[in-house]
4 protein chains.
Amino acid sequence: MTSKPVRIGMIGYQFMGKAHSHAYRDLPFYFDNPLKPELKVIAGRNEEAVKEAQEKMGWESYETDWRKVVERDDIDVIDIVTPNHTHAEIAIAAAEAGKHIITEKPLALTVEEAEQMLAAVKKNGVKHMICHNYRFAPAVQFAKKLIEQGKLGRIFHYRAHYLQDFIIDPSFPLVWRLKKEVSGSGALGDIGAHSIDLARFLIGEFTEIVATMETFIKERPIGEMTGGLSAKGDSTKMGEVTVDDAVAFLARFENGALGTFEATRFANGNRNKNKFEINGEKGSVRWDMENMNNLELYLASDEEGEQGFRLINCTEEVHPYVGAYWPAGHIIGYEHTFIHLIDEFFRGIAEDYQPAPNFEDGVQNQKLLDAIEQSAEERRWIKL
Amino acid sequence: MTSKPVRIGMIGYQFMGKAHSHAYRDLPFYFDNPLKPELKVIAGRNEEAVKEAQEKMGWESYETDWRKVVERDDIDVIDIVTPNHTHAEIAIAAAEAGKHIITEKPLALTVEEAEQMLAAVKKNGVKHMICHNYRFAPAVQFAKKLIEQGKLGRIFHYRAHYLQDFIIDPSFPLVWRLKKEVSGSGALGDIGAHSIDLARFLIGEFTEIVATMETFIKERPIGEMTGGLSAKGDSTKMGEVTVDDAVAFLARFENGALGTFEATRFANGNRNKNKFEINGEKGSVRWDMENMNNLELYLASDEEGEQGFRLINCTEEVHPYVGAYWPAGHIIGYEHTFIHLIDEFFRGIAEDYQPAPNFEDGVQNQKLLDAIEQSAEERRWIKL
Amino acid sequence: MTSKPVRIGMIGYQFMGKAHSHAYRDLPFYFDNPLKPELKVIAGRNEEAVKEAQEKMGWESYETDWRKVVERDDIDVIDIVTPNHTHAEIAIAAAEAGKHIITEKPLALTVEEAEQMLAAVKKNGVKHMICHNYRFAPAVQFAKKLIEQGKLGRIFHYRAHYLQDFIIDPSFPLVWRLKKEVSGSGALGDIGAHSIDLARFLIGEFTEIVATMETFIKERPIGEMTGGLSAKGDSTKMGEVTVDDAVAFLARFENGALGTFEATRFANGNRNKNKFEINGEKGSVRWDMENMNNLELYLASDEEGEQGFRLINCTEEVHPYVGAYWPAGHIIGYEHTFIHLIDEFFRGIAEDYQPAPNFEDGVQNQKLLDAIEQSAEERRWIKL
Amino acid sequence: MTSKPVRIGMIGYQFMGKAHSHAYRDLPFYFDNPLKPELKVIAGRNEEAVKEAQEKMGWESYETDWRKVVERDDIDVIDIVTPNHTHAEIAIAAAEAGKHIITEKPLALTVEEAEQMLAAVKKNGVKHMICHNYRFAPAVQFAKKLIEQGKLGRIFHYRAHYLQDFIIDPSFPLVWRLKKEVSGSGALGDIGAHSIDLARFLIGEFTEIVATMETFIKERPIGEMTGGLSAKGDSTKMGEVTVDDAVAFLARFENGALGTFEATRFANGNRNKNKFEINGEKGSVRWDMENMNNLELYLASDEEGEQGFRLINCTEEVHPYVGAYWPAGHIIGYEHTFIHLIDEFFRGIAEDYQPAPNFEDGVQNQKLLDAIEQSAEERRWIKL
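Residues numbered from 1 in each chain as written. Chains lettered and ligands numbered in written order. Predicted model: local features only at pLDDT ≥ 70, side-chain atom pairs only at ≥ 80, totals over all residues. Heavy atoms only, no water.

Undergrad: Kindly report on the sheet that holds strand β1 (residues 4-11) of chain A, identifying the contributing residues and their values.
TA: All names here are of chain A. In spatial order, the strands read β3-β2-β1-β4-β5-β6; together these 6 strands make up an open sheet with parallel pairing. A single partner strand is all that each edge strand has here, and the edge strands are β3 (61-63) and β6 (128-130). Averaged over all adjacent pairs, the angle separating strand axes in this sheet is 25°, with direction ignored. Pairing between β1 and strand β2 (residues 35-43): 8 bridges, direction parallel. By the bridge assignment, Gly 9 is partnered in β2 with Val 41. (Pairing = 2+ DSSP bridges. Helix = DSSP H or I, 4+ residues; strand = E, 2+ residues; numbered from the N terminus. Axes fitted to C-alpha atoms, helices over the stretch in contact; angles between N-to-C directions.)

Have a look at this one:
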């Protein structure tokens, strides 16, 4: 198949910039996508850092002003991997410039911002995507397929938690991720948003929630991220943590299911435990990102005595996406979820359909995030 | 050691009657307890059934009227294993008769009843115990010890669920466990009560909760239990299910921890998944009744790179209770938790201290159960 | 059901004496066996110790000379739980006295001895049993049933290991288990014999083997067992270890399967890891004593993409033996395997059939043990 | 860091060609290697297929005659990913042409061939590497480090199996992997060779072995591989399978350890179960390729009662290689092992040291493969 070029301009270059850059590079190697990305330009305010990123990750050029990227005629797609508070301004400018847009989650800091972004992409008729990459783990895609086929029947329960432990140490500094004005929220928007997206993807819309939030450590030394989830701080200056360290909420879904959710950065021993279990009338599924290639499936229709959760290594040709890689039993990892997401994004552009998850999903997700914060503050159930 | 006899009268003879009877029989075989039970009399209204139980389980005699048992002079302990709505009347009568009392959980149908029971045992100076047997799994006892030693440090999270699946089939009949007037509540009082007790035992008192409850199947054929968790029904007559099939709640604890709880009989593939995870500043523990001999322990102080949850098979001499059984690696089961509970009960009687969990715990637990129902109904947080 | 009494005389009273005694006590509580044991007499040379055992374990009387037990008219069954070198003499005397016999494994120290024992029980027409208790784990019984039903199809592989770690410390003393003249062999006869029995039970007879053995620590302080697998020694006197610390062998089976086996007391972290995996044309099973209630089952006929090992908690009514205990998901333990074995033994006596495993199995097992030692010594394959 | 270019010519383009090509592409993205690969030319006999591979995998050009690649002046490295019987001829020619060489395993069909290859690379002073990629899983590298630090102490046991199930179906065709003249051996050389390499890497050299081999299905329809481990056949023409379906062997090591090994393609439910356990005086480790990011570590020095296998997710900065990727808990996959291997290969070239595993390892490995075949045939122990 001959692929047509699609020219990418990326705004931002850290953890997510690396994940997206790699996905663009790997996509044509593994998949027969109608589009083939050209890594035209990467933007960041710190010239030294962005230049290093440009060279390391294989971009043709760099800019220190994101507006120049958005203004370029030779760019088809704007990829936004900057801190959360900048998503709206960049996305709206990109939409106005007629670029297709892919952005990291959460979409924005508030529902209002998110809706402005959605309006902008709709008005300008561009494709848009939000990077809830966990949807694209083959085991999750396979779970979705099983649910759509009715193999679980009526859904009773959705049970999810996303546990991390990287800020338990009080000397972990006050980085952008812990400041409300930059990140919007803490564990909630960073990882809870992923759990919300997975639930919406797998079993549908929420109808109401009740939530509680907690900030266990209220002051930390001023500091900054140094890559990935690492950071360094200056222990002589302290600042106030303005986001949640942990959030938990109960939920009801349109399909009648009952949900329990938790997201925290204070669960010692859990580095990236993004986990869910769905219980239905005919069966159940369980998934855990730390063993992301596996899906546990229980089918009540199995013969009596032979029933039990099956540990399925979702690396067979029949499992979504993985036929592109290696023989069964040869696992893939975190980074591959981004390749699948980009594959879907480009197909949407090439075949002129709106891929998902997109800004509509981002708005819905943001409504949940806002409702959860409101519920925690007002100590009551909030309808969506 | 020479043990003194203690004479037992048991009211009830089904699932829990069997578990308690077995524990009495096994106690002197494995443990050096100062008391040695004599299985004097077992009571039940169905003469044929109670007689069969008496013979099978090794009781000296039987009665069809529980009052006769309570009135007997040669009985030291009344053991109550009847459906929940009868606990109060029997226990109060037994207390008035000066008997030590051990009863199944939940203590009663309401806080009011529970408090009357507590008042009665206090007034009469008898020992009392409530059968939250899961406390007595060696791995749970060991977790308690680790927490007391400060090995987890400040506690941030308590995360528990108790999942069963035995009533998903709509043809499962309307047995006493599904009638509010007999059982008080459904999944909440039956299994959620155990999760509440474990949390109280391990990390202390709750301060407030918010809950939601659901009855997925609202009508069922009239029927009755046939032993264990099996039942038979008459599909021509239907009746209303008046208890919860599932309950979920968020909680706050006195120590500042955040809790998430769920109890359900609609989690396909989970036969008896009584599970908790506790995350603290210095470490975490995880436990699951389906593999009850194991405790997973994470210690943040382990050398960098060598950190990970340890799968501890709690069958070593150093682990509580199990030194009485077999060499390391030779596991014990569900029934042994009752032996340990009885061991504690008898020590309390012999050494004249009030063992735990007891009616005080029953009252606290019942306060939680009532608050949860109220919270679910009024859709708001309830303080304890 | 009315059970007839069967009068037991037990020779020996340590680890296995405890396991058997408990099984006799529990059998009538859980099972409707045609026979009901009476614990008449227990024998041991150390009067103080045997008297304590008699009281603790509920035997009517004790003897310090085993011959007196065998000679008593009011004894129907002789149960032999003494060190291995005494099995033959006691069993033959018991057979001559017309007693049914149950003995611990291995049957004897040599094939010659074992065959004399078999001849004696046959000549005297008594029932006989050897305590390969692991056969009686419900999950193992269920695996057997699946294999008999052809659910695994043609068997290709049998893979087993039995790993312990209780003598890694060089200060662990030279107890009877480490002396060839008393125990016959080390890891081989103690735990390897169990793996051999499980293989014979599940997939049939061996045709040839090649083995290697090792004694990692060749001298130890003189000492003795103090119960279970604990011991104490005198570090000033050393003696030579005359048995194997570890053994490994390859095997061929009559059905064409290929086997790999290993038994060792030097596998750190493995307290009692008795594990097997069987791979067949249509499926596979895996079992591990440390989680003995579980069976992992793979069925190649499962739908494509939905294939995976099922984790079956063998606690359902349909699983062998466990219907007698608790509802699904409430696990049993090590000691229950002995109850099932005794249940089978008594049924054989009551219904006049020869139960299994019996002395025939003991002889076959001993042939394997001898062949393995010979193979290790002569460094060659041995046909059976 | 500025990297110098290194020009690659690859012979072959199937499963392993894809794995290597991807590794070259990813290396500079993730690692600061002194060399940066240029994908100059890829060779294969089937022009259409090699052209497609060239385009898909990003090579500058293609050839249908491997000799032309070896002869080119602008090539620094020859990468051999062809079927096993061609390795020797190509490698020797490449060595004569002064190229550095990296080749798939096994090195050759016989020890003689392997030694000729080793002689050639030595004579010509080129760097050489053999692709035992599993060494380069971070968890394996970390295990190696722990062993070198003495954390396991004296090693008693090495226990490994490599289980696959892709040819159980008798209609799976007679592809090159099942023909002795092309592949040398079956499960032995294909996957058993990996287990041998891991053992040598982790605990050192073998001293003797005894083996058995089996071909369960002796005739299959003629056919060919279609990518990965898939194949298609023509059921009307049958041919003889001339390699082993399964192999098992016992081993002794220079350090006194006892080894058990098994490799099979007939273990239903095991897609790629490459697993080992090492037991030492002070601790044990376990690893399984299907969950390759995890290492299980047992340390006997852990406090009594707190001992247990730790499940370490080897995704921390302290774990070898993974600091280059993502934050802790974000797993990598099969393909990354090749990136690490190439990283080591290029460092060897750039810094002028001989990296490992190399042709010396290939020769040692081949000696084992030959000894195992000889042992199976002659039914005796073979010393190395």
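That shown, we press on.
Undergrad: With reference to specific residues and values, describe the packing of helix α4 (residues 87-96) of chain C against helix α5 (residues 111-124) of chain C.
TA: The description of two packed helices rests on the angle between their axes and on the distance between the axes. All names here are of chain C. Running from amino to carboxyl end, α4 crosses α5 at an angle of 10°, the nearest separation of the two axes being 8 Å. Judged by the inter-axis angle, α4 sits roughly parallel to α5. Contact with α4, carried on its side by His 87, Ala 88, Ala 91, Ile 92, Ala 95 and Glu 96, involves Glu 113, Gln 116, Met 117, Ala 120, Val 121, Lys 123 and Asn 124 of α5 and no other residues of that element. In the contact of α4 with α5, the residues fall into 7 nonpolar, 3 polar and 3 charged. (Parallel < 35°, antiparallel > 145°, perpendicular 65-115°, else oblique. Contact = heavy atoms within 4.5 Å. Nonpolar A, V, L, I, M, F, W, Y, C, P; charged D, E, K, R; others polar.)

Undergrad: Help me get a handle on the packing of helix α6 (residues 138-148) of chain A against helix α8 (residues 187-203) of chain A, residues and values and all.
TA: Residue and element names in this part refer to chain A. Contact geometry for α6 and α8: axes closest at 9 Å, N-to-C directions at 35°. On α8, the residues that touch Val 140, Gln 141, Ala 143, Lys 144 and Ile 147 of α6 are Leu 198, Phe 201 and Leu 202. Taken together, the residues of the contact of α6 with α8 break down into 6 nonpolar, 1 polar and 1 charged.

Undergrad: Requested: an account of the relation of the copies chain A and chain B, with residues and values cited.
TA: Both copies of the chain are tied together by a single rotation about an axis and a shift running along it. Expressed as a screw transformation, the operator carrying chain A onto chain B has a rotation angle of 180° and an axial translation of 0.0 Å, and the superposed copies differ by an RMSD of 0.0 Å. This pairing of chains is accounted for by a two-fold axis. The C-alpha atom lying nearest the rotation axis in chain A is that of A:Arg380; the distance is 2.9 Å. A high fraction, 100%, of the interface residues of chain A reappear at the interface in chain B, so the copies pair face to face through one surface. (Least-squares fit on C-alpha atoms with pLDDT ≥ 70 in both.)

Undergrad: Let's hear about the interface of chain A and chain B: which residues, and what values?
TA: Taken together, the contact pairs 48 residues of chain A with 48 residues of chain B. The largest per-residue losses of area from chain A upon contact with chain B belong to A:Phe216, A:Asn268 and A:Arg379, which jointly make up 18% of the total buried on that side. Remark: the boundary between chain A and chain B carries 6 salt bridges. Here A:Glu208 makes a salt bridge to B:Arg379, at a shortest N to O gap of 2.6 Å. For the interface between chain A and chain B, the tally reads 32 residue pairs in polar contact (both at pLDDT 80 or more). Ranked by residue count, the leading element in the side of chain A that touches chain B is strand β8 (residues 206-214) of chain A, at 6 residues. Its residues assigned to classes, the side of chain A that touches chain B comprises 18 nonpolar, 14 polar and 16 charged. (Buried area = accessible area lost by both parts, 1.4 Å probe. Salt bridge = Lys/Arg side-chain N within 4 Å of Asp/Glu carboxyl O. Polar contact = N/O pair within 3.5 Å; in protein donor to acceptor, adjacent residues only side chain to side chain.)

Undergrad: Break down the sheet that holds strand β1 (residues 4-11) of chain C for me, citing the residues and quoting the values.
TA: Residues and elements named next belong to chain C. Spatial ordering of the open sheet is given by β3-β2-β1-β4-β5-β6, a layout of 6 strands whose pairing is parallel. Lying at the two open borders of the sheet, with one neighbouring strand each, are β3 (61-63) and β6 (128-130). On average, adjacent strands in this sheet sit at an angle of 25° to one another, irrespective of strand direction. As paired strands, strand β2 (residues 35-43) and β3 are joined by 3 bridges and run parallel to one another. Note that in β3 the partner of Ala 43 across the bridge is Glu 63.

Undergrad: Tell me about the interface of chain D and chain B, and please be specific about residues and values.
TA: Each partner contributes to the interface: chain D provides 18 residues, whereas chain B provides 18 residues. For the pair chain D and chain B, the two sides together bury roughly 1,400 Å², of which 43% comes from carbon and sulfur. Broken down residue by residue, the surface that chain D buries against chain B is led by D:Gly305, D:Glu306 and D:Arg310, which jointly contribute 41%. Linking chain D to chain B there are 6 salt bridges. The partner of D:Lys151 in a salt bridge is B:Glu306, with the nearest N and O atoms 2.4 Å apart. At the boundary of chain D with chain B, the tally comes to 12 residue pairs in polar contact (both at pLDDT 80 or more). The set of elements that each furnish at least two residues to the side of chain D that touches chain B consists of α6 (138-148), β15 (294-299) and β16 (309-313) of chain D. Per-element accounting of the side of chain D that touches chain B gives the leading share, 4 residues, to β16(D). Strand direction decides the pairing type here: strand β16 (residues 309-313) of chain B and β16(D), joined by 3 bridges, are antiparallel. Considered in β16(D), the bridge of B:Arg310 is made with D:Arg310.

Undergrad: Which residues make up unusual backbone geometry, and what values do they have?
TA: With an omega dihedral of -5°, the bond running from A:Lys105 to A:Pro106 counts as a cis peptide bond. With respect to the secondary-structure elements, A:Pro106 resides in the loop between β5 (100-103) and α5 (111-124). In this model, B:Ala356 is joined to B:Pro357 through a cis peptide bond whose omega is 0°. One can find B:Pro357 in the loop between α9 (334-351) and α10 (359-378). At C:Arg379, a residue that is not glycine, the phi angle is positive and equals roughly 55°.

Undergrad: If you had to explain the domain arrangement of chain A to someone new, which residues and values would you point to?
TA: All names here are of chain A. Domain annotation for chain A reports domain 1 (4-133) and domain 2 (137-354 + 364-383). Put simply, the middle of domain 1 and the middle of domain 2, counted by C-alpha atoms, are 23 Å apart. Each partner contributes residues to the interface: domain 1 has 43 residues there, and domain 2 has 44 residues. In this assembly, domain 1 packs against domain 2 so that about 3,800 Å² is buried in total across both faces, 68% of it on carbon and sulfur atoms. The largest contributions to the domain 1 side of the interface with domain 2 come from Phe 31, Lys 127 and Asn 133, which together make up 19% of the buried area. At the junction of domain 1 with domain 2, the criterion picks out 3 salt bridges. Its salt-bridge partner being Lys 127, residue Asp 352 comes within 2.7 Å of it at the nearest N-O pair. Listed by contribution, the elements that provide at least two residues to the side of domain 1 that touches domain 2 are β1, α1 (15-30), β2, β5, α5 and β6. (Domains from an automatic or database assignment.)

Undergrad: Requested: an account of helix α5 (residues 111-124) of chain D, with residues and values cited.
TA: Residue and element names in this part refer to chain D. The terminal C-alpha atoms of α5 lie 20 Å apart, and with 14 residues this matches the ideal 20 Å at 1.5 Å per residue to within 8%. When α5 is considered as a whole, its buried residues turn out to be Val 111, Ala 114, Met 117, Leu 118, Ala 120 and Val 121. Contact partners of the buried residues in α5: α4 (87-96), β5 (100-103), β6 (128-130) and α10 (359-378). One or two steps after α5, the chain reaches Gly 125, where phi turns positive at roughly 65°. (Expected span 1.5 Å × (residues − 1). Buried < 20%, exposed > 50% of the residue type's maximum accessible area, 1.4 Å probe, protein only.)

Undergrad: If you had to explain the relation of the copies chain D and chain B to someone new, which residues and values would you point to?
TA: Expressed as a screw transformation, the operator carrying chain D onto chain B has a rotation angle of 180° and an axial translation of 0.0 Å, and the superposed copies differ by an RMSD of 0.0 Å. Looking at the interface residues of chain D, 100% of them are also at the interface in chain B, so both copies use one shared face.

Undergrad: Break down the side chain of A:Gln164 for me, citing the residues and quoting the values.
TA: Residue and element names in this part refer to chain A. For Gln 164, the position within the fold is in the loop between β7 (155-163) and α7 (180-183). Within polar-contact distance, the side chain of Gln 164 engages the side chain of Asn 272 at 3.0 Å. When neighbours within four sequence positions are excluded, Gln 164 is seen to be in contact with Ile 191, Leu 229, Thr 264, Arg 265, Phe 266, Ala 267, Asn 270, Arg 271 and Asn 272.

Undergrad: Please provide a residue-by-residue account of the pairing of strand β14 (residues 283-288) of chain B, values included.
TA: Residue and element names in this part refer to chain B. In terms of burial, β14 is a largely internal element, 6 of the 6 residues being buried. Both faces of β14 are covered, namely the face carrying Gly 283, Val 285 and Trp 287 and the face carrying Ser 284, Arg 286 and Asp 288. From the end of strand β13 (residues 273-280) to the start of β14, which pair antiparallel, there are 2 residues. Relative to strand β15 (residues 294-299), β14 runs antiparallel, the two being bridged by 4 bridges. Counted as the bridge partner of Ser 284 is Tyr 298 from β15. Between β14 and the antiparallel strand that follows it, β15, lie 5 residues.

Undergrad: Could you give me a rundown of the pattern of salt bridges, with the residues and numbers involved?
TA: Tallied over the entire structure, the rule returns 152 salt bridges over all chains. Where B:Asp302 meets D:Arg310, a salt bridge forms, and the shortest distance between an N and an O atom there is 3.5 Å. Remark: D:Arg310 occurs in strand β16 and B:Asp302 occurs in the loop between β15 and β16; the pair is interchain, linking two chains. No difference in accessibility class separates B:Asp302 from D:Arg310, as the two residues are buried. Connected through salt bridges with shared partners, the residues A:Arg135, A:Asp197, A:Arg200, A:Glu205 and A:Asp361 form a single ionic network.

Undergrad: Give a detailed account of the UniProt feature "domain: GFO/IDH/MocA-like oxidoreductase" (unreviewed entry) in chain A, specifying residues and quantitative values.
TA: Annotation from UniProt places "domain: GFO/IDH/MocA-like oxidoreductase" (unreviewed entry) at residues 141-286 of chain A. Each end of residues 141-286 of chain A is marked by a C-alpha atom, and these two atoms are 13 Å apart; helix forms 20% of the span and strand 45%. (UniProt positions renumbered as here; feature names shortened; annotations may be inferred.)

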